[in-house]
Amino acid sequence: MTNKRDTIITYTGISNDPASVIQVSTAPCAETLAADEVLVEFIASPINPQDLLVISGKYPVQPSNRHEERLIPGYDGICQVVGVGAAVSKLCVGDRAIPLRHGLGTWRSSAIVNESLLIKVPENLDPVAGCVLKMGAMVAACLLRERPALRPGDWIIQNAGGSTIATMVSQLARMSGVKTCSIIRDRPAAQDERRRLLQGGADAVVTESELEAASGAPLPILQGKRVVLGLDSVFGESGTRLVGQLTLGATYINYGSLGGMDKELRLTQQDVFWKRITFRNFRLSEWTGSMTTDELQDLLQWLSEAFVSGQLRAPAVQLVDVSGHDAEHHVQAALRNSTASSGCVGTKKSVLVFRKGITGVELRETTPASAPKDLPVRAAATMATTGPTGDVVVAAPPEATASA
Ligand SMILES: NC(=O)c1ccc[n+]([C@@H]2O[C@H](COP(=O)([O-])OP(=O)(O)OC[C@H]3O[C@@H](n4cnc5c(N)ncnc54)[C@H](OP(=O)(O)O)[C@@H]3O)[C@@H](O)[C@H]2O)c1
């Protein structure tokens, strides 16, 4: 037994205000492994919209692990294997891995898990890319497969255009000549966001109010184009406006409810009868449930290689240092800023950083034009300048700003 202590984030009850129920504890590291188990240390874990749904009791899959009876949230993240049981065959000490299925509880600095719950990723994969590999890039890749006959010159229209998934859709679509029109919420710095997303792979960026002003007529940029796929992660008014831009025989897919779960989509007979739009939903867990582990591994490998080669670029994120005494304050602030109802427009995805002393890890962050007041951005930036070799390095290289 060493003196090392784990940082473990739990929640004390379900709430629409996740920051109010979150608790950060420390406990001695567990080290005894069963034959098929591995000991992993989490490098970084994102705060995804899905995590907020889990904590608010609105997501069907609950966390599978607890600390002192409290549930451990976090379904995504990247970890490093630091110990293996006697019968472990797929992972070795030093390997990097991500969770295979929902529920693992990634908001903790280390965990003992069955090796079958993890999937190996390349050692040279950027940790931020690792954090968005499954719930970002893989979702985007699977969404594009929902409309298999996409051809060069086809257009996709999508809302929440600055989200991780939307930016991944734009990048992946561009690889096969398919164009994307990304809808963003209105904001004072809309031009900056437009530029950022255009540099990051979108072919057109339109604000919700510009779309509303079109009153159901095709946007000028989409005039005469085949707008064959609509990807809606907001629903309600935004989803209704998006449907209005789709052309004959298009497919509409709802995959999120950022605008709230109580909203309605209004359809006209034009949409259903004359345009013959197909309405579908998408759930990653259904997709992955129908894939073999080999198929999943192959897709993740392909996406990882695309990140490593630079074909895909990880989004700008805000790093949240949870390795120190003020971790709870930092997590609460990040959760407040991530919560759709109270979050600022333009807030980047927060990534909880558990490991500062890992060799070879370089975590990059960019800060939005108006940084949310409460986030420990400054603390992270300080690490960048003062961290000794081998610490997490937080930097904001110019190219990351354009990486959407
Ligand atoms: N169906 C599935 O299997 C599946 C899997 C993974 C994720 N999802 C869903 O996919 C969506 C995107 O996830 P993500 O991880 O890519 O998100 P993300 O990177 O965390 O970004 C979410 C962005 O959405 C925008 N947004 C927030 N509230 C909004 C609202 N009311 N109206 C319009 N835009 C809003 C915000 O951008 P601005 O502040 O710049 O406007 C926010 O930054 C979420 O709904 C998530 O639950 C679904």
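The structure this text deals with has already been given above.
Rules behind the numbers
Residues numbered from 1 in each chain as written. Predicted model: local features only at pLDDT ≥ 70, side-chain atom pairs only at ≥ 80, totals over all residues. Helix = DSSP H or I, 4+ residues; strand = E, 2+ residues; numbered from the N terminus. Contact = placed C-beta atoms within 7 Å. Axes fitted to C-alpha atoms, helices over the stretch in contact; angles between N-to-C directions. Left-handed = near helix turned anticlockwise from the far one by under 90°. Nonpolar A, V, L, I, M, F, W, Y, C, P; charged D, E, K, R; others polar. Pairing = 2+ DSSP bridges. Near = placed C-beta within 6 Å. Expected span 1.5 Å × (residues − 1). Bend = angle between axes of the 7 residues up to and from the residue. Buried ≥ 20, exposed ≤ 12 C-beta atoms within 10 Å, placed from the backbone. Parallel < 35°, antiparallel > 145°, perpendicular 65-115°, else oblique. Core = buried A, V, L, I, M, F, W, Y, C linked by C-beta atoms within 7 Å.

### Considerations on the overall build of the chain
Step number 1: Secondary structure summary: the chain contains 12 helices and 19 strands in total.
Step number 2: Across the chain, the fraction of contacts at a sequence separation of at least 24, relative to all contacts at a separation of at least 6, is 72%.

### Here's the deal with the packing of helix α2 (residues 127–145) against helix α9 (residues 293–309)
Step number 1: Two elements in contact, α2 and α9, have axes separated by 10 Å at closest approach and are oriented at 115 degrees. In terms of crossing hand, the pair formed by α2 and α9 is right-handed. Where α2 approaches α9, its residues A129, L133, A137, M138 and A141 are matched on the opposing element by L299, L300, L303, S304 and F307.
Step number 2: Of the residues in the contact of α2 with α9, the class split is nine nonpolar, one polar and no charged.

### Concerning the sheet that holds strand β11 (residues 179–184)
Step number 1: The strand order across the open sheet built from six strands is β12-β11-β10-β13-β14-β15, with neighbouring strands paired in parallel fashion. Looking at which strands have only one partner, the edges of the open sheet turn out to be β12 (204–207) and β15 (278–281). The mean angle between the axes of side-by-side strands here comes to 20 degrees, regardless of whether they run parallel or antiparallel.
Step number 2: Note: β11 against β12, four bridges, orientation parallel. Residue pairing across strands places C181 opposite A204, the latter belonging to β12.
Step number 3: Where helix α4 (residues 190–199) meets the sheet, it contacts β11 and β12, and its direction lies at approximately 155 degrees from that of β12.

### What to know about the site of the ligand
Step number 1: In the neighbourhood of the ligand, 28 residues make up the surrounding shell, with S163, T164, I165, G256 and L284 lying closest.
Step number 2: Secondary structure elements with two or more residues in the shell around the ligand: α1 (49–55), α2 and α3 (164–175).
Step number 3: Here the residues of the shell around the ligand sort into 13 nonpolar, 12 polar and three charged.

### So, α2
Step number 1: The terminal C-alpha atoms of α2, which comprises 19 residues, lie 26 Å apart, in line with the 27 Å expected from a rise of 1.5 Å per residue.
Step number 2: L133 marks the point of greatest bend in α2, at about 70 degrees.
Step number 3: The element α2 is extensively covered by neighbouring structure, given that 16 of its 19 residues are classed as buried.

### Focus: the pairing of strand β3 (residues 37–46)
Step number 1: Extensive coverage of β3 is indicated by the burial of 10 of its 10 residues.
Step number 2: Where β3 lies against strand β8 (residues 110–114), five bridges are found, and the strand directions are antiparallel. In the strand pairing of β8, E41 is matched with S110.
Step number 3: In this structure, β3 lies alongside strand β17 (residues 349–353), joined through three bridges in antiparallel fashion. Considered in β17, the bridge of A44 is made with V353.

### With respect to the packing of α2 against α3
Step number 1: Viewed as axis vectors pointing N to C, α2 and α3 meet at an angle of 50 degrees, and their least axial separation amounts to 8 Å. When the axes of α2 and α3 are compared, the pair comes out oblique. As for how α2 packs across α3, the hand of that crossing is right-handed. Listed contacts from α3 to V132, G136, A137, V139, A140, A141, L143 and L144 of α2 are T164, I165, M168, V169, L172 and A173.
Step number 2: Here the residues of the contact of α2 with α3 are counted per class, giving 12 nonpolar, two polar and no charged.

### Re the nonpolar core
Step number 1: Judged by nonpolar contacts, the single largest core of 98 residues is most densely connected at V169 and L352.
Step number 2: Residue contributions to this core peak at 12 residues, all from α2.
Step number 3: In this structure, V169 is in contact with A140, L143, L144, I156, Q158, T180 and L231, ignoring residues within four places of it in sequence.

### Here's the deal with the environment of S56
Step number 1: Looking at the element boundaries, S56 is found in the loop between α1 and β4 (66–67).
Step number 2: In sequence terms S56 and N16 are 40 residues apart; their C-alpha atoms lie 4.8 Å from each other.
Step number 3: Excluding residues within four positions of it along the chain, S56 makes contact with I14, S15, N16 and P18.

### What about helix α6 (residues 236–244)?
Step number 1: Of all the positions in α6, only S238, G239, R241, L242, V243 and G244 are classed as buried.
Step number 2: Structurally, α6 contributes buried residues whose contacts are with β10 (155–158), β11, α5 (208–213), β13 (227–232), β14 (251–254) and α7 (269–274).

### Examining the environment of L52
Step number 1: Topologically, L52 is positioned in helix α1.
Step number 2: Judged by the 21 C-beta atoms lying within 10 Å of it, L52 is buried.
Step number 3: Remark: the alpha-carbon pair of L52 and A19, spanning 33 residues in sequence, is separated by 9.7 Å.
Step number 4: Excluding residues within four positions of it along the chain, L52 makes contact with P18, S338 and T339.

### Regarding the pairing of strand β16 (residues 317–321)
Step number 1: Of all five residues that make up β16, five are buried, and the element is covered over most of its length.
Step number 2: Residues V317, L319 and D321 point to one face of β16 and Q318 and V320 to the other, with burial holding for every one of them.

### Description of unusual backbone geometry
Step number 1: Look at E69: it is not a glycine, yet its phi comes out positive at around 75 degrees.
Step number 2: In this fold, E69 is placed in the loop between β4 and β5 (70–71).
Step number 3: One non-glycine residue with positive phi stands out, namely A160, at about 45 degrees.
Step number 4: The topology assignment puts A160 in the loop between β10 and α3.

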